[in-house]
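Report on the structure
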Amino acid sequence: MTGLVNVLSSKSRDLRVKVLDTIHRAGKGHIGGAYSCIDILTVLYYADILRVSKKEFGSDRNRFLLSKGHAAVAQYVILQDLGFFAEEELKLMNNGGILGEHPDHKIPGIEFDSGSLGHGLGVACGFALAAKLDNLKYRSYVLLGDGECHEGSIWEAAMLSSHLGLDNLIAIVDRNGLCIHGDTEKINKLNPFSDKWRSFGWNTIEIDGHNIKQILSCMRKIQNNSNGKPTVVIANTIK
C-alpha cells in the first residue's frame, strides 16, 4: 500500500496546482472547498474505487455525484487528467467552454447537475435503488458538504436510504466545519454528527480527510459492504 499512497499523494499535490491555475485564469472559484475534498477525490478516481475511465464508461461503472457542486473544479481537473476532455477546456472554464462553475451532466464524466445544495443524497439514493431493482452491481458514491447537511432534504434521504436497505450507497461528508456564512456549529449545530447518522441507521466511519492512507483503507474496506445499511464516511478536513 505504501507505494500507492505515495503515488496518490503526489497526484493530489499536482491536482492542487492545477485547481489553483484553473481558478486563477477563470477569475473566480471555490479554492477552499476544492482543496478540502481533493484528497478524497484522488483516492476515489485513481485507486480503482470508482472504476471509471473514458474507455470503460459502461453501465457497470460505479456512480459518483458531487453534491457540493461549488467544488466542481476539483472534479474537472481529475476528469481532464483522465482524458475525458482536453486541457484547453480548463483554460476556458467560465469563459465559453463546456465547463461552468457547477457540474453539468453534458460534461463528459459528470453524472448529475449539482450545486443546489441538499439534492445530491436523494439522487444518489435513487441511483442505488435503481441498481437494486435492475440487479446491477454498481455502487453509488456521493460527496456532501457539511454545510448542506443543514438541509432537511439530506435527512429525508438518509432516512429513506436506511429504510430501503441501500448497502450499495456510500455518502462521504467533507467535514471542514465551514459553509458560505461561517462556522457550521455557530450557524446550526450539527454535532454530535456521527451519532445523528447512526441514529438514522447508517454505518458510520470517521476519518482524516487529508490522510491518503486512511482514506484508501476506508474506501477499500467499505466497497463490498452488504450488511443491509448504507454507509457514511465523515472526513474531517481543512478548508
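Preceding block: the structure.
These remarks concern the structure in this document. (Residues numbered from 1 in each chain as written. Predicted model: local features only at pLDDT ≥ 70, side-chain atom pairs only at ≥ 80, totals over all residues. Heavy atoms only, no water.)

With that settled, the discussion passes to the overall build of the chain. Of the regular secondary structure elements, the chain holds nine helices and seven strands. The C-alpha atoms of the chain give 17 Å as radius of gyration, which agrees with the globular expectation for 239 residues (18 Å, within 12%). Counting only C-alpha atoms and orienting by the principal axes, one finds that the chain spans roughly 45 × 45 × 35 Å. Counting the 239 residues in the chain, one finds 49% classified as buried. Pairs at least 24 residues apart make up 75% of the contacts formed inside the chain by residues separated by at least 6 positions. (Helix = DSSP H or I, 4+ residues; strand = E, 2+ residues; numbered from the N terminus. Rg over C-alpha atoms; globule rule 2.2 N^0.38 Å. Buried < 20%, exposed > 50% of the residue type's maximum accessible area, 1.4 Å probe, protein only. Contact = heavy atoms within 4.5 Å.)

Another aspect to go through is the layout of surface pockets. Approximately 330 Å³ is the volume found for the largest pocket. His70, Leu117, Gly147, Cys179 and Ile180 are the residues nearest the centre of the largest pocket, which is lined by 18 residues in total. Split into classes, the residues belonging to the lining of the largest pocket amount to four nonpolar, eight polar and six charged. (1 Å grid on protein atoms, 1.4 Å probe; cavity = no way out; pocket = protein on both sides within 12 Å on 5 of 7 lines; lining within 4 Å. Points joined across faces, edges and corners; volume = space filled by probe spheres on them. Nonpolar A, V, L, I, M, F, W, Y, C, P; charged D, E, K, R; others polar.)

Further remarks concern the side chain of Asp146. Within the secondary structure, Asp146 sits in the loop between strand E2 (140–145) and helix H6 (152–163). Assessed through its relative accessible area of 2%, Asp146 is described here as buried. Once residues lying within four places of it in the same chain are set aside, the contact partners of Asp146 are Val173, Asp174, Arg175, Asn176, Gly177, Leu178, Thr184 and Leu190.

A few words now on the nonpolar core. One finds Val43, Leu44, Phe64, Tyr76, Tyr141, Ile172 and Met219 to be the most contacted residues of the largest nonpolar core, which totals 47 residues. Taken together, the elements giving at least two residues each to this core come down to helix H1 (2–26), helix H2 (31–46), strand E1 (63–66), helix H3 (72–81), E2, strand E3 (169–175), helix H9 (212–222) and strand E7 (231–236). Considering each element in turn, this core owes the most residues, eight residues, to H2. (Core = buried A, V, L, I, M, F, W, Y, C linked by side-chain atoms within 4.5 Å.)

All right, on to the packing of helix H5 (residues 120–133) against H6 then. Contact geometry of H5 with H6 gives a least axis separation of 8 Å together with a crossing angle of 25°. Classified by the interaxial angle, the pair formed by H5 and H6 is roughly parallel. Considering how the two elements wind past one another, H5 and H6 form a crossing that is left-handed. Between H5 and H6, the contacting residues are Leu121, Gly122 and Cys125 on the first element and Ile154, Ala157, Ala158, Leu160 and Ser161 on the second. Among the residues forming the contact of H5 with H6, the class breakdown is six nonpolar, two polar and no charged. (Axes fitted to C-alpha atoms, helices over the stretch in contact; angles between N-to-C directions. Parallel < 35°, antiparallel > 145°, perpendicular 65-115°, else oblique. Left-handed = near helix turned anticlockwise from the far one by under 90°.)

Let's shift gears to the pattern of salt bridges. When their charged atoms lie close together, side chains carrying opposite charge are able to pair. Taken as a whole and judged by the stated rule, the model has nine salt bridges. With a shortest N-O distance of 2.6 Å, Lys132 and Asp167 are connected by a salt bridge. On the criterion of sequence distance, the pair formed by Lys132 in helix H5 and Asp167 in the loop between H6 and E3 is long-range, its members being 35 residues apart. Residue Lys132 is classed as partly exposed on the basis of its relative accessible area, which comes to 41%. You can call Asp167 buried: its relative accessible area is 10%. Sharing partners across several salt bridges, the network here consists of Asp146, Arg175 and Glu185. (Salt bridge = Lys/Arg side-chain N within 4 Å of Asp/Glu carboxyl O.)

Right, let's talk about the sheet that holds E3 for a bit. Within the open sheet, the five strands sit side by side as E1-E2-E3-E7-E6. Their pairing is parallel. Lying at the two open borders of the sheet, with one neighbouring strand each, are E1 and strand E6 (203–208). Neighbouring strand axes in the sheet, compared pairwise and without regard to direction, differ in orientation by 20° on average. Running over the sheet, H9 touches E2, E3, E6 and E7 and is turned about 160° from E6. (Pairing = 2+ DSSP bridges.)

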